[in-house]
Amino acid sequence: TLKYEYRTAIVLYYFYHFSIAEISSMLVKPVNTIKIHLYRGRHLLKQKLQQSSHLPYKKEGLEKLLKEELSKLAITFVDIPQHLDLQIEDYQEDRAYYLWTGEEMEEGVGVTLDVNGKLLALAINPTKRAARVTIQEQQLMAEQFLIAQYKEALNYLSLLEVTEKEDRTAFVFAQYVHGYPLQKHQTFIEVSHNGEIITFYYKGYTTTPPDYPSNIIKKSNIINRYVKLGDWQLKLCYLSEDMYDIEK
């Protein structure tokens, strides 16, 4: 019974485990819009659950003092334009999320912190008006920003992928084990062509990586990776008589 936008975001995020950045790309909507849809979708689901169970829903949240400290800390990671107002202040068991938006919902600033005040995610609209910087300079900015938040991160994470877009470049850093990137430990950073960090998603690293290939990466992902890397041409297509009803 949710609105289509909320339902789509909820299903893609919780049922299919796509990241917010991936959903944003698939639906061609800003990251902050997807976050709003998820937030409002969860809120409506909570209300519906309360109505159906006739019981108040209680969530063990963060302590009030900690909430106040986190809210003050959130604005230290980015400059909030004066015309933006705080629209969402959401506290969960292990993190706090803040979103500032203006009259136009497409414009906004989102910040996610863990309970220790460490930055987990950041999303802003490009604001700088400066000379375009090279991809190499953008990569250096991404690495410096990552180190500023987690100084030991690059001891475990290496550059996995670089994607240049119309107004920004996306950098993906991953933890490699036996030559393969761990799916659960990839950090996503976007730098505008004017040299501004506009997107940051941190998923950490593990000091006890898995030993078995099946726990590192799916077989389908390995195949897709090497198909993309190689210059392949289809030479043979095999049809099984057990699966297809064909005469020849």
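Calculation criteria
- Residues numbered from 1 in each chain as written.
- Predicted model: local features only at pLDDT ≥ 70, side-chain atom pairs only at ≥ 80, totals over all residues.
- Heavy atoms only, no water.
- Phe/Tyr/Trp six-rings, centres within 6.5 Å; stacked < 30°, edge-to-face > 60°.
- Buried < 20%, exposed > 50% of the residue type's maximum accessible area, 1.4 Å probe, protein only.
- Helix = DSSP H or I, 4+ residues; strand = E, 2+ residues; numbered from the N terminus.
- Lys NZ or Arg CZ within 6 Å of the ring centre and 35° of its normal.
- Pairing = 2+ DSSP bridges.
- Core = buried A, V, L, I, M, F, W, Y, C linked by side-chain atoms within 4.5 Å.
- Axes fitted to C-alpha atoms, helices over the stretch in contact; angles between N-to-C directions.
- Contact = heavy atoms within 4.5 Å.
- pLDDT = per-residue confidence, 0-100.

**Things to note about the packing of aromatic side chains**
In this description, a pair of aromatic rings is defined by centroid distance and the angle of the planes.
So, point 1. Within the structure shown, the criterion is met by eight aromatic pairs.
So, point 2. For the pair Y13 and Y14, a centre-to-centre distance of 4.8 Å together with 85° between the ring planes defines the contact as edge-to-face.
So, point 3. A relative accessible area of 37% places Y14 in the partly exposed class.
So, point 4. Ring centres of Y150 and Y202 lie 3.7 Å apart, and the angle between their planes is 10°; this geometry places the pair in the stacked category. A residue pair is termed long-range when its members are at least 10 positions apart, and Y150 in the loop between α5 (135–149) and β5 (157–164) and Y202 in the loop between β8 (197–201) and α6 (213–216) qualify at 52 residues.
So, point 5. Connected via pairs of aromatic rings, a cluster forms that spans F145, Y150, F200 and Y202.
So, point 6. The cationic tip of K118 hangs over the ring face of Y150; the distance from NZ or CZ to the ring centre is 4.6 Å.

**Remarks on the pairing of strand β1 (residues 85–91)**
So, point 1. Direction of pairing for β1 relative to strand β2 (residues 95–101): antiparallel, over a ladder of six bridges. Bridge assignment links D90 to a residue of β2, and that residue is Y97.
So, point 2. Here β1 folds back onto β2 in antiparallel fashion, the turn holding three residues.

**Quick word on the nonpolar core**
So, point 1. Counting residues in hydrophobic clusters, the biggest one holds 29 residues, and the most contacted among them are Y98, V111, L122, L146, I189 and F200.
So, point 2. Breaking this core down by element, the ones donating at least two residues are α4 (64–74), β2, β3 (108–114), β4 (119–124), α5, β6 (168–177), β7 (180–192) and β8.
So, point 3. A total of four residues in this core trace back to one element, the largest contributor, which is β4.
So, point 4. One finds L12, I20, L38 and A123 within the second-largest nonpolar core, a separate group that totals 17 residues.

**Some words on the sheet that holds β2**
So, point 1. Read across the sheet, eight strands follow the order β1-β2-β3-β4-β8-β7-β6-β5 without closing on themselves; strand pairing throughout is antiparallel. Two strands lie at the open edges of the sheet, namely β1 and β5, each paired on one side alone. Averaged over all neighbouring strand pairs, the angle between strand axes comes to 20°, with direction disregarded.
So, point 2. Along the sheet face, helix α7 (residues 219–229) touches β6 and β7 and points at about 50° away from the line of β7.

**A word on the pairing of β5**
So, point 1. Two elements, β5 and β6, share seven bridges in a ladder whose sense is antiparallel. Note on β6: the bridge partner recorded for L157 is Q175.
So, point 2. Counting the residues in the hairpin turn of β5 and β6 gives three residues.

**Considerations on the confidence of the model for the protein chain**
So, point 1. Mean pLDDT over the protein chain: 84, with 88% of residues reaching 70 or higher.
So, point 2. Mean pLDDT per element in the protein chain: α6 is the minimum at 59, and α5 is the maximum at 95.

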